[in-house]
Amino acid sequence: MDYSVKNNNIIVSEKNFSLDDTLDCGQAFRWKKIPTDFESTYTGKFLNTPLTVSQTAENTFIFHDTTEQDFLNIWYDYFDFGTDYAELKRMFSEDETLKKACDFAGGIRLLKQDAWECLISFIISQNNNIPRIKGIIDRLCQHYDGNFPTVENMTAETPESLDYLRSGFRAKYICDAIQKVYAGTVNLKEISLMPLDNARQELRKIKGVGAKVSECVLLFGMYRTDAFPVDVWIKRVLETYYPDGFPDFPHKGIAQQYLFHYVRNLE
């Protein structure tokens, strides 16, 4: 990845990156595609720092109105620019099905998200579709002055006070997560450092956090690339293409993202 500073923008050149592949593949829910003259443009936030980013050509990106300091301290890590995705795809492509998935959406990158925001987002995601997930999270942020609330912000919430979210049964799970994280019964920082099986067990102390949600939080919110979320799409992939088990790749959670986006868009 190379970058330069031009006026108030950061210009990034990176072959293994696509905004559409990365920001619209179901791993994060606060990015919105907006109409511009560029190939694609998204606006969103990470840790409540706003960003507008455009793809101007196949390998060129503009991080608008962003300081070099913010780019290096926030967005470089968030978009995982320190990882060699060309090498990951070369390794994954030793498998025939994964090669097709990498060829289909080779610009996917794993976003390094905030663990708390990721936990609440994937609790909301249960038995839900992406537009509705985004709608619930939008209402949550609007209620908190446009920002994703911290656990401290939310300590007074009850299932009844969250009626404005229209999140259904998920409201009681959100409240349980608030109570347990705030009390330290579930310590997200400690969990991020635990052996994977222990981390899974700790996350599942929260009501409504089962196998899929815990894997998503580990992968997307803690960058545990050995986590491997299985939803209906990945279950179908495993049954169809990997009846004897998924190959023992390093970073198999990133491989899962290529497969998920591939099979979901084939239907």
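Just so you know, the residues in each chain are numbered from 1, in the order the chain's sequence is written. Only residues with pLDDT of 70 or above have their local features reported here, since the model is predicted, and side-chain atom pairs are shown and tallied only from 80 upward, although totals for entire chains, interfaces and linings are computed over all residues. Side-chain numbers come from the whole structure's heavy atoms, not from hydrogens or water.

**Q** What's the story with the sheet that holds strand S5 (residues 49–57) in this structure? I'm lost.
**A** Backbone-to-backbone hydrogen bonds pair the strands of a sheet. The strands run either parallel or antiparallel. Between any two strands, at least two bridges found by DSSP are needed for them to pair. Starting at the N terminus, helices and strands are each numbered in turn, a helix being any DSSP run of H or I of at least four residues and a strand any DSSP run of E of at least two. Strand order across the open sheet formed by 6 strands is S1-S2-S6-S5-S4-S3, with antiparallel pairing between neighbours. Both edges of this open sheet fall to strand S1 (2–6) and strand S3 (32–33), since each of them pairs with a single strand only. Here 4 bridges tie strand S2 (residues 9–13) to strand S6 (residues 60–64), and the two strands are oriented antiparallel to one another. If you follow Val 12 over to S6, its bridge partner there is Phe 61.

**Q** Would you explain the pattern of salt bridges in this entry?
**A** Oppositely charged side chains are able to pair whenever their charged atoms sit close together. Salt bridge, as used here: a side-chain nitrogen of Lys or Arg that lies within 4 Å of a carboxyl oxygen of Asp or Glu. With the rule as written, the count across this model stands at 13 salt bridges. With a shortest N-O distance of 2.7 Å, Arg 90 and Glu 87 are connected by a salt bridge. Of the two residues, Arg 90 and Glu 87 are both situated in helix H3 (residues 85–92); the distance of 3 residues between them amounts to about one turn of the helix. Arg 200 is the salt-bridge partner of Glu 215, the closest N and O atoms lying 2.3 Å from each other. Note that Glu 215 is positioned in helix H10 (residues 211–222) and Arg 200 in helix H9 (residues 196–203), a separation of 15 residues in sequence.

**Q** Would you mind going over the nonpolar core with me for this structure?
**A** Across soluble globular proteins, nonpolar side chains have a tendency to be buried as a group. What is meant by a nonpolar core is a set of buried Ala, Val, Leu, Ile, Met, Phe, Trp, Tyr and Cys residues, joined one to another through side-chain atoms within 4.5 Å. Only protein chains enter the accessibility calculation, which uses a 1.4 Å probe; a residue is then buried when its area is under 20% of its type maximum, exposed when over 50%, and partly exposed in between. Of all hydrophobic cores here, the largest spans 66 residues; its most connected members are Phe 92, Trp 116, Leu 119, Ile 123, Ile 174 and Leu 188. Per-element tally for this core: the top contributor is helix H5 (residues 115–124), with 8 residues. Excluding its chain neighbours within four sequence positions, the residues that come into contact with Ile 123 are Arg 170, Tyr 173, Ile 174, Ala 177, Ile 206, Val 209 and Val 213. In this structure, Leu 51, Phe 63, Ile 74 and Trp 75 belong to the second largest nonpolar core, which totals 20 residues. The contact criterion used throughout is that any non-hydrogen atoms of two residues lie within 4.5 Å.

**Q** Teacher, can you tell me more about the pairing of strand S4 (residues 40–46) here?
**A** Side-chain direction in a regular strand flips from residue to residue, so the side chains alternate between the two faces of the sheet. Counting buried positions along S4 gives 5 out of 7 residues, so the element sits mostly inside the fold. Across 2 bridges, the pairing between S3 and S4 is antiparallel. Residue pairing across strands places Lys 33 opposite Tyr 42, the latter belonging to S4. In this antiparallel pair of consecutive strands, S3 and S4, the connection spans 6 residues. The pairing of S4 with S5 spans 7 bridges and is classified as antiparallel. Along S5, the bridge assignment pairs Thr 43 with Thr 52. From the end of S4 to the start of S5, which pair antiparallel, there are 2 residues, and Leu 47 there has a positive phi angle of about 50 degrees.

**Q** When you look at the side chain of Asp 231 in this model, what are you seeing that I'm missing?
**A** One can find Asp 231 in the loop between H10 and helix H11 (232–241). Here the positive residues are Lys and Arg and the negative ones are Asp and Glu; neither His nor the chain ends is included. The side chain of Asp 231 sits in the buried core without any salt bridge; Lys 212 is the nearest counter-charge, 4.8 Å away. N or O atoms closer than or at 3.5 Å make up a polar contact, with two conditions inside protein: a donor-capable atom paired with an acceptor-capable one, and, for residues adjacent in sequence, both atoms drawn from side chains. A distance of 2.9 Å separates a polar atom in the side chain of Asp 231 from the backbone nitrogen of Ile 234. For Asp 231, the contacting residues outside a window of four places in its chain are Lys 212 and Phe 260.

**Q** How should I be thinking about helix H7 (residues 170–183) in this particular structure?
**A** Because each turn of an α-helix spans 3.6 residues, side chains separated by three or four positions end up pointing in the same direction. Taking 1.5 Å per residue, 14 residues should reach 20 Å; H7 reaches 20 Å between its end C-alpha atoms and fits that length. Across the 14 residues that make up H7, a large majority, 10, are buried. Turning to H7, its buried residues are Arg 170, Ala 171, Tyr 173, Ile 174, Cys 175, Asp 176, Ala 177, Ile 178, Lys 180 and Val 181. Positive backbone phi, approximately 85 degrees, marks Gly 184, located one or two places after H7. For a helix, the expected span equals 1.5 Å multiplied by the number of residues minus one.

**Q** It is not clear to me how the pairing of S1 should be interpreted in this structure. Could you clarify?
**A** Across 5 bridges, S1 lies against S2 in antiparallel orientation. Counted as the bridge partner of Ser 4 is Ile 11 from S2. Here S1 folds back onto S2 in antiparallel fashion, the turn holding 2 residues, of which Asn 7 has a positive phi close to 55 degrees.

**Q** Would you mind going over the packing of H3 against helix H12 (residues 252–266) with me for this structure?
**A** Between two packed helices, what matters for the description is the angle formed by their axes and the separation of those axes. An axis is simply a line fitted to the C-alpha atoms; with a helix, the fit covers only the stretch in contact. Between two such axes, the angle follows the N-to-C directions and lies from 0 to 180 degrees. Contact geometry for H3 and H12: axes closest at 11 Å, N-to-C directions at 75 degrees. Taken together, H3 and H12 sit at an angle that is classed as roughly perpendicular. Residues Tyr 85, Leu 88, Lys 89 and Phe 92 of H3 touch H12, and the partners they reach there are Ile 254, Ala 255 and Tyr 258. Angles below 35 degrees are treated as roughly parallel, those above 145 as roughly antiparallel, those between 65 and 115 as roughly perpendicular, and all remaining angles as oblique.

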